[in-house]
Amino acid sequence: MFKRMILFALIAGLVYLNYTTPKIEDHKALLLAQLQQGAPLSAEVQQRIWQDIDYSNFMVCSFMKTKEDSKMISSGYLKKVKIINPKWLKETKEKLQQGRS
């Protein structure tokens, strides 16, 4: 009986963590908000940005990383998304500004 209660609690915890894992839209919204601080980005520019980024979901947490060198950009856990690589943001903003010039 006690083993079943522990097993049920573990399963319920995993289901809850899976349910609260941020989706790709949550990561994109945060990244766009950070990138658009200077000026809004067109849909074409956004599409180019998303082509170079990969989303990974590990059931209890999620990550966005670059496809080229697998550098982590953002992480998500319990419906919260956090930027873990501000250097990528800075480099991407600089590339976008050079493209506008």
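Check the entry above for the structure.
The rules behind these values
Counting of residues starts from 1 at the beginning of each chain's written sequence and follows it residue by residue. Thresholds applied to this predicted model are a pLDDT of at least 70 for local features of residues and 80 or more for the giving and counting of side-chain atom pairs; totals over whole chains, interfaces and linings are not thresholded and use all residues. To get the side-chain values, take all heavy atoms of the structure and skip hydrogens and water. Pairing between strands is defined by DSSP: at least two bridges between them are needed. Segments assigned H or I by DSSP are reported as helices when at least four residues long, segments assigned E as strands when at least two residues long, and all are numbered from the N terminus. Orientation is described by lines fitted to C-alpha atoms, with helices fitted over the stretch in contact, and by angles between N-to-C directions that extend from 0 to 180 degrees. Any two rings among Phe, Tyr and Trp, with Trp reduced to its six-membered ring, count as a pair given centres within 6.5 Å; such a pair is stacked if its planes are under 30 degrees apart, edge-to-face if over 60, and tilted if neither. Each residue after the first adds 1.5 Å to the expected span of a helix. Only protein chains enter the calculation, and the probe is 1.4 Å; a residue is then buried if its accessible area is under 20% of its type maximum, exposed if over 50%, and partly exposed in between. An arc is given here, and it is the one of the directions from the helix axis to the C-beta atoms. As used in this record, nonpolar core signifies buried Ala, Val, Leu, Ile, Met, Phe, Trp, Tyr and Cys residues forming a set joined through side-chain atoms within 4.5 Å. By the convention used here, residues are in contact when the closest approach between their heavy atoms is within 4.5 Å. Each patch is built from salt-bridge-free residues with over 30% relative accessible area, joining like charges within 9 Å and nonpolar side chains (Val, Leu, Ile, Met, Phe, Trp, Tyr) within 5 Å. All accessibility values rest on the Shrake-Rupley procedure with a 1.4 Å probe; residue burial counts only the protein chains present in the view. A pair is scored as a salt bridge if a Lys or Arg side-chain nitrogen falls within 4 Å of a carboxyl oxygen belonging to Asp or Glu. Polar contacts, as used here, are pairs of N or O atoms within 3.5 Å; protein pairs need one atom able to donate a hydrogen and one able to accept it. Residues neighboring in sequence count only if both atoms are side-chain atoms.

Peer 1: Mind showing me how you'd approach the sheet that holds strand E4 (residues 80–83) here?
Peer 2: Working definition: the strands of a sheet are paired by backbone hydrogen bonds and lie parallel or antiparallel to each other. Read across the open sheet, the four strands follow the order E1-E2-E3-E4; overall the sheet is antiparallel. In the strand order of this sheet, the two ends are held by strand E1 (53–57) and E4, each with one partner. Across the sheet, the mean angle separating the axes of adjacent strands is 15 degrees when strand polarity is ignored. Note that strand E3 (residues 72–77) and E4 share four bridges and pair antiparallel. Among the inter-strand pairings, Ser74 is bridged to a residue of E4, identified as Ile83.

Peer 1: Is there a simple way to explain the packing of aromatic side chains in this structure?
Peer 2: Aromatic ring pairs are defined here through the distance separating the ring centres and the angle between the ring planes. A complete count under the given rule lists one aromatic pair for this structure. Pairing Phe58 with Phe63 gives two aromatic rings, centres 5.8 Å apart and planes at 65 degrees, and the pair type is edge-to-face.

Peer 1: Help me understand helix H2 (residues 24–35), please; the structure alone is not making it clear to me.
Peer 2: Because each turn of an α-helix spans 3.6 residues, side chains separated by three or four positions end up pointing in the same direction. Here H2 contains 12 residues, and its C-alpha end-to-end distance of 16 Å stays within 8% of the 16 Å for a straight helix at 1.5 Å per residue. Every buried residue belonging to H2 is among His27, Leu31, Leu32 and Leu35, and all of these are buried. Looking down the long axis of H2, one finds its buried residues gathered within 125 degrees of arc, a one-sided arrangement.

Peer 1: What is the right way to look at the nonpolar core in this model?
Peer 2: Soluble, globular proteins show a tendency: their nonpolar side chains are buried together. Judged by nonpolar contacts, the single largest core of 13 residues is most densely connected at Leu31, Leu41, Ile49, Trp50, Ile53 and Trp88. Secondary-structure elements contributing two or more residues to this core are H2, helix H3 (43–51) and helix H4 (86–100). Once residues lying within four places of it in the same chain are set aside, the contact partners of Ile53 are Leu31, Met64, Lys65, Lys67, Ile73 and Trp88.

Peer 1: Just checking my understanding: could you explain a nonpolar patch on the surface for this structure?
Peer 2: A grouping of Met1, Phe2, Met5, Ile6 and Leu10 is seen on the molecular surface, where their side chains present a nonpolar patch of about 610 Å² in accessible area. Mapped onto the elements of the fold, Met5 is located in helix H1 (residues 2–19).

Peer 1: Explain the environment of Lys93 here, please?
Peer 2: Summarising the element assignment, Lys93 is placed in helix H4. Owing to a relative accessible area of 27%, Lys93 belongs among the partly exposed residues under this scheme. Through-space distance from the C-alpha of Lys93 to that of Gln34 is 9.2 Å; in sequence the pair is 59 residues apart. Contact partners of Lys93, with chain neighbours within four places excluded, come to Gln34, Leu35 and Gln37. Among the polar contacts made by the side chain of Lys93, one reaches the side chain of Gln37 at a distance of 3.5 Å.

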